[in-house]
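Close look at the chain arrangement
Given next are the chains, with one letter for each unit.
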Amino acid sequence: LHHLCASQPHTLHSVCICKQLLANYKSWAKTRGEDGQVPLHILAACKHHTHHSYQICVLLHQAFPSGIQVRSERQGFLPLHFLCENDGLTYWSTRMSGLLLAG
């Protein structure tokens, strides 16, 4: 799931794989990687968000709603912090920030 969130560009295929993984392994949305980040951190840190990125964000949020409040182990960042670090905020990353703020 971490690799899927990191791979870009996010496509409809990415969304389908994410949906299938979470249907079978919902707890993976809570799993921290080697760097202490959950998949939502990885997704938020991507530079180029698309409609499909937003769909993956929604799926991760549905699987692990409190994930928006999880801080990364190394920097202590919330997913929203990683999203705001992006150089080019787009319409879709703005939509993601709304989801991450609203919880």
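The preceding data block contains the structure.
Quick notes on the rules
- Residues numbered from 1 in each chain as written.
- Predicted model: local features only at pLDDT ≥ 70, side-chain atom pairs only at ≥ 80, totals over all residues.
- Heavy atoms only, no water.
- Core = buried A, V, L, I, M, F, W, Y, C linked by side-chain atoms within 4.5 Å.
- Buried < 20%, exposed > 50% of the residue type's maximum accessible area, 1.4 Å probe, protein only.
- Helix = DSSP H or I, 4+ residues; strand = E, 2+ residues; numbered from the N terminus.
- Contact = heavy atoms within 4.5 Å.
- Phe/Tyr/Trp six-rings, centres within 6.5 Å; stacked < 30°, edge-to-face > 60°.
- Axes fitted to C-alpha atoms, helices over the stretch in contact; angles between N-to-C directions.
- Parallel < 35°, antiparallel > 145°, perpendicular 65-115°, else oblique.
- Left-handed = near helix turned anticlockwise from the far one by under 90°.
- Nonpolar A, V, L, I, M, F, W, Y, C, P; charged D, E, K, R; others polar.
- Salt bridge = Lys/Arg side-chain N within 4 Å of Asp/Glu carboxyl O.

1. As for the nonpolar core
Formed by 28 residues in total, the largest nonpolar core has its most connected members in L22, I56 and L60. Those elements giving two or more residues to this core turn out to be α1 (2-6), α2 (12-24), α3 (39-45), α4 (51-63), α5 (79-85) and α6 (91-102). In terms of residue count, α4 provides more of this core than any other element does, 6 residues in total. Dropping the residues within four chain positions of it, L60 is found in contact with L1, C5, L22, A29, P39, L40 and L43.

2. Observations regarding the packing of aromatic side chains
Any aromatic ring pair is given by two values, namely how distant the centres are and how the planes are angled relative to each other. Throughout the structure, instances matching the rule amount to 3 aromatic pairs. Both rings, one in Y25 and one in W28, keep their centres 4.4 Å apart while their planes meet at 10°; by these two values the pair is stacked. The class of Y25 is partly exposed, set by a relative accessible area of 41%. Judged by relative accessible area, which is 34%, W28 ranks as partly exposed.

3. Examining the packing of α4 against α6
Running from N to C, α4 and α6 cross one another at 15°; their axes reach a closest spacing of 9 Å. With respect to α6, the axis of α4 lies roughly parallel. Classified by chirality, the crossing of α6 by α4 is right-handed. Side by side, α4 and α6 meet where H51, S53, Y54, C57, V58 and H61 of the first sit next to W92, R95, M96, L99 and L100 of the second. Of the residues assigned to the contact of α4 with α6, the class counts are 7 nonpolar, 3 polar and 1 charged.

4. Digging into the pattern of salt bridges
Tallying each qualifying case throughout the model produces 1 salt bridge. One salt bridge in this structure joins E73 and R32, with 3.7 Å as the shortest N-O distance. Remark: R32 occurs in the loop between α2 and α3 and E73 occurs in the loop between α4 and α5; sequence separation between them is 41 residues. You can call E73 exposed: its relative accessible area is 58%. Note on R32: relative accessible area 34%, which makes it partly exposed.

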